[in-house]
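# Observations on the model geometry
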Amino acid sequence: MSKSKKYRVFGPVATVFDSSNTGSWRLERPEIDYSQCIKCGTCERVCPANVIDVLKEEKECVVIDFDYCKGCGVCANECPKKCIDMVLEKGGEK
């Protein structure tokens, strides 16, 4: 019987998951008022789906991958400037 190798793993292990478009069942989507945004990155840090990127050098600095955004509203709730509003997916205001 051969002796198996032992590996030490520190922290989370990166794994690639295959995911499909999950934004299709979203009822609301975040909409950003870029004139109020201070580019702090809070929305990027708190997004549970990890679909928000803050590009600090761009005018429209918050980029959301709407194919995977669930419309949960965590980004809108946590924004310190309250410049993210949740609007109905079909374009209407809440």
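In the block above lies the structure referred to throughout.
For the structure given in this document, a descriptive report is provided here.

Cut-offs applied
- Residues numbered from 1 in each chain as written.
- Predicted model: local features only at pLDDT ≥ 70, side-chain atom pairs only at ≥ 80, totals over all residues.
- Heavy atoms only, no water.
- Helix = DSSP H or I, 4+ residues; strand = E, 2+ residues; numbered from the N terminus.
- Buried < 20%, exposed > 50% of the residue type's maximum accessible area, 1.4 Å probe, protein only.
- 1 Å grid on protein atoms, 1.4 Å probe; cavity = no way out; pocket = protein on both sides within 12 Å on 5 of 7 lines; lining within 4 Å.
- Points joined across faces, edges and corners; volume = space filled by probe spheres on them.
- Nonpolar A, V, L, I, M, F, W, Y, C, P; charged D, E, K, R; others polar.
- Core = buried A, V, L, I, M, F, W, Y, C linked by side-chain atoms within 4.5 Å.
- Contact = heavy atoms within 4.5 Å.

### Considering unusual backbone geometry
- The phi angle at N50 is positive, at roughly 55°, despite the residue not being glycine.
- Note on placement: N50 falls in the loop between α1 (42–46) and β2 (52–54).
- With relative accessibility at 61%, the residue N50 sits in the exposed group.
- Notably, K82 is not glycine yet its phi reads approximately 55°, a positive angle.

### As for empty space enclosed by the protein
- Under the defined criterion, the tally for this structure stands at one cavity of 30 Å³ or more.
- Estimates place the volume of the largest cavity at around 90 Å³.
- Together, 15 residues line the largest cavity, and C37, C40, C43, C79 and C83 are the ones closest to its centre.
- Here the residues of the lining of the largest cavity are counted per class, giving eleven nonpolar, two polar and two charged.

### Looking at the nonpolar core
- In terms of nonpolar packing, the biggest core is built from 17 residues, with C43, V51, I52, V62, I64 and I84 touching the most fellow members.
- Secondary structure elements with two or more residues in this core: β2, β3 (62–64), α2 (74–78) and β4 (84–88).
- Contact partners of I84, with chain neighbours within four places excluded, come to P30, E31, I32, C43, C75, A76 and C79.

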